[in-house]
2 protein chains.
Amino acid sequence: MSKASAKTSKSASNAAIVQAALEKLRAAGLRPTKQRIALGALLFDGRDRHVTAEALHDEVRGAGADVSLATVYNTLHQFTEAGLLREVVVNAGASHFDTNVGAHHHLYYADSGELHDVDATDVRIEGLPAVPRGAEIERVDVIVRLRRR
Amino acid sequence: MSKASAKTSKSASNAAIVQAALEKLRAAGLRPTKQRIALGALLFDGRDRHVTAEALHDEVRGAGADVSLATVYNTLHQFTEAGLLREVVVNAGASHFDTNVGAHHHLYYADSGELHDVDATDVRIEGLPAVPRGAEIERVDVIVRLRRR
DNA sequence: CAACAGTTTAGAATTACTCTAATGTACTGC
DNA sequence: GCAGTACATTAGAGTAATTCTAAACTGTTG
């Protein structure tokens, strides 16, 4: 990736990504502010990503946008509420946000903190107890914790 | 439970629990200090329990023992390393420690923070991808997230 | 384009822990 | 038993992640 074109000129594909982010925001009923567009452009570029608030903050500032950490937190939560992101809790330290909002599970390397998606369509879980009366399943998370040998 | 007998006299069953905790500590190669015995007596009373450090700290102090929060943290980690407890990460806020160290999964009520065990012996998970080269499974956690209706 | 609701922000506050370095205590060997 | 020492405990400071606050700013609506 070229870092030739800094904050002033933007590549055509970047413009397309910004446009997509903008539409995503409108569809979610979120005002398309400069900050939300900058974050959306990073998050919704088509790839499946896992970010922490700190990491995304660094990234968006590295990209030339001036977004405060508080806004990164606010935005991550708003995106999550809007169904644009999913919060993944794998370690007590920090929350991860996943741009893959489809049914899937996770592979987690505890030592490096690396997180990988596992499509849920071909995962079957059998023998779980009946859902307790008065409750309903919000979701089932499977986390395969891996150790490097 | 009678709170009649405070810190001085202890009921016979309590003495038995203390004895059991003491033996558990010795078996794990941990020096049976007053604090570890007090915490062990609360944790290893036979029930399956889920505690946070703060909650256990309140509980042990409520029981008349003077244990600092730092010691509660130290002890929870030492017990976990010794295989006497298991750390469960269900929410970004705080770590939970589970006295059930057998193979099992969890039912989690996000609103109340309630955590229940699901025995793993009759749970089958199929269709997970092959374990990546150079890695091995440390454990597989299934968390059924429930919402009250 | 004025007005207001919704947003952003810096910095303080809070929460959940961890660290430090001083004091206390269980286990050895005698 | 008791001294010596290695291990434990502790208060309080420190840190990391996150939330709060209240003031300044900006999309949107009329």
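For clarity, every value in this text was computed on a predicted model and none was experimentally measured.

Criteria and cut-off values
Residues numbered from 1 in each chain as written. Chains lettered and ligands numbered in written order. Predicted model: local features only at pLDDT ≥ 70, side-chain atom pairs only at ≥ 80, totals over all residues. Heavy atoms only, no water. Helix = DSSP H or I, 4+ residues; strand = E, 2+ residues; numbered from the N terminus. Buried < 20%, exposed > 50% of the residue type's maximum accessible area, 1.4 Å probe, protein only. Contact = heavy atoms within 4.5 Å. Pairing = 2+ DSSP bridges. Least-squares fit on C-alpha atoms with pLDDT ≥ 70 in both. Near = heavy atom within 4 Å. Polar contact = N/O pair within 3.5 Å; in protein donor to acceptor, adjacent residues only side chain to side chain. Nonpolar A, V, L, I, M, F, W, Y, C, P; charged D, E, K, R; others polar. Axes fitted to C-alpha atoms, helices over the stretch in contact; angles between N-to-C directions. Parallel < 35°, antiparallel > 145°, perpendicular 65-115°, else oblique. Left-handed = near helix turned anticlockwise from the far one by under 90°. Phe/Tyr/Trp six-rings, centres within 6.5 Å; stacked < 30°, edge-to-face > 60°. Buried area = accessible area lost by both parts, 1.4 Å probe.

A. Geometry of the environment of leucine 42 of chain B. All names here are of chain B. Mapped onto the elements, leucine 42 comes out in helix H2 (residues 34-43). You can call leucine 42 buried: its relative accessible area is 18%. The spacing of leucine 42 and isoleucine 17 is 25 residues in sequence and 8.5 Å in space, taken between C-alpha atoms. In contact with leucine 42, not counting residues within four places along its chain, are Arg49, Leu56, Glu59 and Val60.

B. Up close: the sheet that holds strand E2 (residues 86-88) of chain B. Residues and elements named next belong to chain B. The strand order across the open sheet formed by 3 strands is E1-E3-E2, and the pairing between neighbours is antiparallel. With one partner strand each, in any of the chains shown, strand E1 (50-51) and E2 form the two edges of the open sheet. Across 2 bridges, E1 lies against strand E3 (residues 96-98) in antiparallel orientation. Of the residues in E3, the one forming a bridge with valine 51 is phenylalanine 97.

C. Local environment of the relation of the copies chain A and chain B. Once chain A has been moved 0.0 Å along the axis and rotated by 179°, it coincides with chain B to within an RMSD of 0.2 Å. The superposition operator between the copies reduces to a two-fold rotation axis. Most of the interface of chain A is mirrored in chain B, where 97% of its interface residues again form contacts.

D. Seen up close, the protein's contact with DNA strand D. Around DNA strand D, the structure places 20 residues, and the nearest of them are Tyr73 and Ser95 of chain A together with Thr33, Gln35 and Thr71 of chain B. One nitrogen or oxygen atom from the side chain of arginine 36 of chain B is found 2.9 Å from a phosphate oxygen belonging to DNA strand D. Within the side chain of threonine 71 of chain B, one N or O atom sits 2.6 Å away from a phosphate oxygen of DNA strand D. Going through the elements one at a time, helix H4 (69-81) of chain A together with H2 and helix H4 (69-81) of chain B are the ones with two or more residues in the surface near DNA strand D. Looking at the surface near DNA strand D, the element that brings in the most residues is H4 of chain A, giving 4 residues. Its residues placed into classes, the surface near DNA strand D shows 7 nonpolar, 8 polar and 5 charged.

E. Main features of the packing of helix H3 (residues 53-62) of chain B against H4 of chain B. Residues and elements named next belong to chain B. The geometry of H3 relative to H4 is characterised by a closest axis approach of 9 Å and an angle of 120° between their N-to-C directions. Judged by the angle between their axes, H3 and H4 are oblique. Judged by the sense of rotation from one axis to the other, the crossing of H3 with H4 is right-handed. Contacts from Ala53, Glu54, Leu56 and His57 of H3 reach H4 at Leu69, Val72, Tyr73 and Leu76. Grouping the amino acids of the contact of H3 with H4 by side-chain chemistry returns 6 nonpolar, 1 polar and 1 charged.

F. The arrangement of the packing of aromatic side chains in detail. All names here are of chain B. In the structure shown here, the tally under the stated rule is 2 aromatic pairs over all chains. Between phenylalanine 44 and phenylalanine 79 the ring centres are 5.4 Å apart and the planes differ by 40°, which places this aromatic pair in the tilted class. Taken together, the positions of phenylalanine 44 in the loop between H2 and E1 and phenylalanine 79 in helix H4 put the pair 35 residues apart, joining distant regions of the chain. Neither residue differs from the other here; phenylalanine 44 and phenylalanine 79 are each classed as buried.

G. Main features of the interface of chain A and chain B. Contacts between chain A and chain B engage 35 residues on the former and 34 residues on the latter. Approximately 3500 Å² of surface area, both sides summed, lies buried where chain A meets chain B, with 53% of it carried by carbon and sulfur atoms. Of all residues in chain A, Glu136, Arg145 and Arg147 of chain A bury the most surface against chain B, accounting for 19% of the area lost on that side. For the interface between chain A and chain B, the tally reads 16 residue pairs in polar contact (both at pLDDT 80 or more). Put simply, the parts of the chain that give the side of chain A that touches chain B at least two residues each are strand E4 (104-109), strand E6 (124-126) and strand E7 (135-148) of chain A. At 14 residues, E7 of chain A tops the list of elements feeding residues into the side of chain A that touches chain B. As paired strands, E7 of chain A and strand E7 (residues 135-148) of chain B are joined by 13 bridges and run antiparallel to one another.

These values are about where atoms sit, not about what they do.
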